[in-house]
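# Structural characterization, general
Residue strings, one per chain:
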Amino acid sequence: MVDYAQTERLALHEIHRRFFRTGRSEFLRQFHAANEPLWAAYREHRITLAELRLERWARMGALPPVASAFEDALGRNVTLFSEARAALRRLSRRFRLALVTDGIAHVQRAKLSRTRIGGFFEHVVIAPEVGLRKPDGELLHHALNLLEAKADDALMVGDSPVSDGGCAEAAGVDFCWVNRTGASPTPGIPVHRTVADLGTV
């Protein structure tokens, strides 16, 4: 639903302008070099989310206020994919929907408030608020319990084979991969359906 790449890009441009003197390309390279391994470590339970949110900026020589400013910027700059709202409207008329999302809770809440898409979902499950994280299967089990649904009757729709697909596999739920870039499948992650965008779901 959320175009995270665009949302992150806009937020990073704002943070670069406010806090950094290096060129933008070098700043972005440094950020992704710090950020991506930390998210992998988080998914593997080697660090906490609190550690991640500060450490990625510490590795760039930035103080904690930069972390807070970045999180605020993510909420302000949230961008939905063009088809997302219409797709959610159509799906919510036929199916019971739950939103299961990872990430920093107050950032996710800010995105929901700004985009006003929360009403399409019967339940919103933000992983850190329930003490879980993707790709833990218990995260989907929690959402299914809220919906009073069985794994065999559910479909996990997501754009990340590692976090979304891994979560679905661990929970015994079919996975629909929203593959916007034509990427190759991730070995070991079963994909029930592949679609190019949410409108196809």
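These numbers come from a predicted model, not from an experiment.

### Considering a nonpolar patch on the surface
On the surface, Leu155, Val157 and Val201 cluster together into a nonpolar patch covering about 210 Å² of accessible area. Within the secondary structure layout, leucine 155 lies in strand E3 (residues 155-158). Judged by relative accessible area, leucine 155 falls into the partly exposed class, the value being 44%.

### Some details on the sheet that holds strand E5 (residues 193-195)
Pairing in this open sheet of three strands is parallel, and the strands run E3-E4-E5 from one edge to the other. Every interior strand has two partners, whereas the edge strands, E3 and E5, have only one. Strand-to-strand, the axes of this sheet are offset by a mean angle of 20°, without reference to chain direction. Of the strand pairs in this sheet, E3 and strand E4 (residues 174-178) are connected by four bridges, and their pairing is parallel. Each bridged residue has a counterpart across the sheet, and for valine 157 the counterpart in E4 is cysteine 176. Each of E3 and E4 is contacted by helix H8 (residues 161-171), which is oriented at about 160° to E4, the strand it contacts most.

### As for the pattern of salt bridges
Here the structure, examined in full by the defined rule, presents ten salt bridges. With its nearest N and O atoms 2.2 Å apart, the salt bridge here joins glutamate 14 to arginine 76. You can see glutamate 14 sitting in helix H1 (residues 4-19) and its partner arginine 76 sitting in helix H4 (residues 64-76), a full 62 residues away along the chain. With relative accessibility at 11%, the residue glutamate 14 sits in the buried group.

### Some words on the nonpolar core
One finds Ile15, Phe20, Phe27, Trp57 and Phe70 to be the most contacted residues of the largest nonpolar core, which totals 23 residues. Secondary structure elements with two or more residues in this core: H1, helix H2 (24-43), helix H3 (49-58) and H4. Sort the elements by how many residues they give to this core and H4 lands first, with six residues.

### Describing the packing of aromatic side chains
The geometry of an aromatic ring pair is captured by two quantities: the separation of the ring centres and the angle between the planes. Throughout the structure, instances matching the rule amount to seven aromatic pairs. Ring plane angle 40° and centroid distance 5.1 Å describe the contact between phenylalanine 31 and tryptophan 57, whose orientation is recorded as tilted. Taken as a pair, phenylalanine 31 in helix H2 and tryptophan 57 in helix H3 lie far apart in primary sequence, 26 residues in all. The rings of Phe20, Phe27, Phe31, Trp57 and Phe70 are connected pair by pair, giving a single aromatic cluster. For arginine 180, the ring lying beneath its charged end belongs to phenylalanine 81, and the centroid distance is 3.4 Å.

### Comments concerning unusual backbone geometry
Across the junction of lysine 134 and proline 135, the peptide omega takes the value 10°, indicating a cis bond. Tracing the chain through its elements places proline 135 in the loop between strand E2 (123-126) and helix H7 (137-147). In this structure, histidine 45 is a non-glycine residue whose phi angle is positive, near 65°. Taking relative accessible area as the criterion, histidine 45 reaches 47% and is therefore assigned partly exposed. Although it is not a glycine, arginine 116 adopts a positive phi angle of roughly 60°. Residue classification places arginine 116 among the exposed residues on the basis of a relative accessible area of 70%.

Rules used throughout
- Residues numbered from 1 in each chain as written.
- Predicted model: local features only at pLDDT ≥ 70, side-chain atom pairs only at ≥ 80, totals over all residues.
- Heavy atoms only, no water.
- Patch = residues over 30% accessible without salt bridge, like charges linked within 9 Å, V, L, I, M, F, W, Y side chains within 5 Å.
- Areas by Shrake-Rupley, 256 points an atom, 1.4 Å probe, with all protein chains shown as cover.
- Salt bridge = Lys/Arg side-chain N within 4 Å of Asp/Glu carboxyl O.
- Helix = DSSP H or I, 4+ residues; strand = E, 2+ residues; numbered from the N terminus.
- Buried < 20%, exposed > 50% of the residue type's maximum accessible area, 1.4 Å probe, protein only.
- Pairing = 2+ DSSP bridges.
- Axes fitted to C-alpha atoms, helices over the stretch in contact; angles between N-to-C directions.
- Contact = heavy atoms within 4.5 Å.
- Core = buried A, V, L, I, M, F, W, Y, C linked by side-chain atoms within 4.5 Å.
- Phe/Tyr/Trp six-rings, centres within 6.5 Å; stacked < 30°, edge-to-face > 60°.
- Lys NZ or Arg CZ within 6 Å of the ring centre and 35° of its normal.

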